[in-house]
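# Residue-level structural notes
Here is what each chain is made of, one letter per residue.
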Amino acid sequence: MTRRVSETLWGMRRLGYTRLSAVSHDARGQLDALMRAGVSTQDVFSDDIAGARTGSDGLGMRRLLEYAQAGDTVVVWRIDRLGRSLSEVLDTIAKMVGRGLYLISLQDGIDSRTATGRLLVDFTVSLHEHERHLASERIAAGMASSRKTGTRVGRPPLDPSEIRDKIRAVEDARARGLT
């Protein structure tokens, strides 16, 4: 892909991301801040999460991550724009770091191209990993506790006679010409 006008002094693109929530229905403030930070209009990816319950939920972020190349800088108005919850924000930052992207959060003063910014981002990624380990430990402890009390863990056992009945029903339907 060709580089756009939003090339930075660091030699890579500045890509912007905006996200509207149920509280903020207007992206103009976010867009204006991104433009002042050197992001070109054509390099802004957006999500309107307000009331979203469809497959478009987070599509802008997915497109940004697909489009971005290692060394590009993602600029957001505030760090909380990266997700609806702390765990989603942490997950998004971890994905960005894993892809070799830099992050600038204008309102929070985070710039991962600086030593302090890298420290903050590394700490954030460490929090994400810690949370995932804690979740795994909680799940394992819950399963162990269930096993001790005799509660079945996992899928229910299969009943061979029920499976045979279903196979016969399918075979009978096919024999009658049904698909």
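Above: the structure in question.
Residues numbered from 1 in each chain as written. Predicted model: local features only at pLDDT ≥ 70, side-chain atom pairs only at ≥ 80, totals over all residues. Heavy atoms only, no water.

Scanning the protein chain from N- to C-terminus turns up five helices and five strands. Going from the N terminus to the C terminus, the protein chain shows its helices and strands as β-α-β-α-β-α-β-β-α-α. For the protein chain, the proportion of contacts with a sequence separation of at least 24, taken over those separated by at least 6, is 65%. (Helix = DSSP H or I, 4+ residues; strand = E, 2+ residues; numbered from the N terminus. Contact = heavy atoms within 4.5 Å.)

Moving on: the nonpolar core. Judged by nonpolar contacts, the single largest core of 19 residues is most densely connected at Tyr17, Leu64, Val74, Leu82, Ile93, Met96 and Leu103. The set of elements that each furnish at least two residues to this core consists of strand E1 (14-20), helix H2 (59-67), strand E3 (73-76), helix H3 (86-98) and helix H4 (115-148). For this core, the element with the highest residue contribution is H2, accounting for four residues. Sequence-distant contacts of Ile93, defined by excluding residues within four places in its chain, comprise Ile79, Leu82, Leu103, Val121, Thr124 and Val125. Core analysis: the second largest hydrophobic core is formed by six residues, Leu34, Ala37, Val39 and Val44 among them. (Core = buried A, V, L, I, M, F, W, Y, C linked by side-chain atoms within 4.5 Å. Buried < 20%, exposed > 50% of the residue type's maximum accessible area, 1.4 Å probe, protein only.)

Residue position: Arg28 is located in helix H1 (residues 28-36). Classification of Arg28 by relative accessible area gives partly exposed; the value is 44%. As for Arg28 and Thr18, which are separated by ten residues in sequence, their C-alpha atoms are 9.5 Å apart. Within the structure, the side chain of Arg28 is placed 2.8 Å from the side chain of Asp32, a separation counted as a polar contact. (Polar contact = N/O pair within 3.5 Å; in protein donor to acceptor, adjacent residues only side chain to side chain.)

As judged from the four bridges shared by E3 and strand E4 (residues 102-105), these two strands associate in the parallel manner. Pairing of Thr73 across the sheet is with Tyr102, part of E4. You can see the chain leave E3, run along H3 and come back into E4, and the turn it takes is right-handed. Between E4 and strand E5 (residues 110-111), which pair antiparallel one after the other, the connecting turn spans four residues, and Gly109 there sits at a positive phi close to 70 degrees. (Pairing = 2+ DSSP bridges. Right-handed = clockwise from strand over helix to strand, strands pointing away.)

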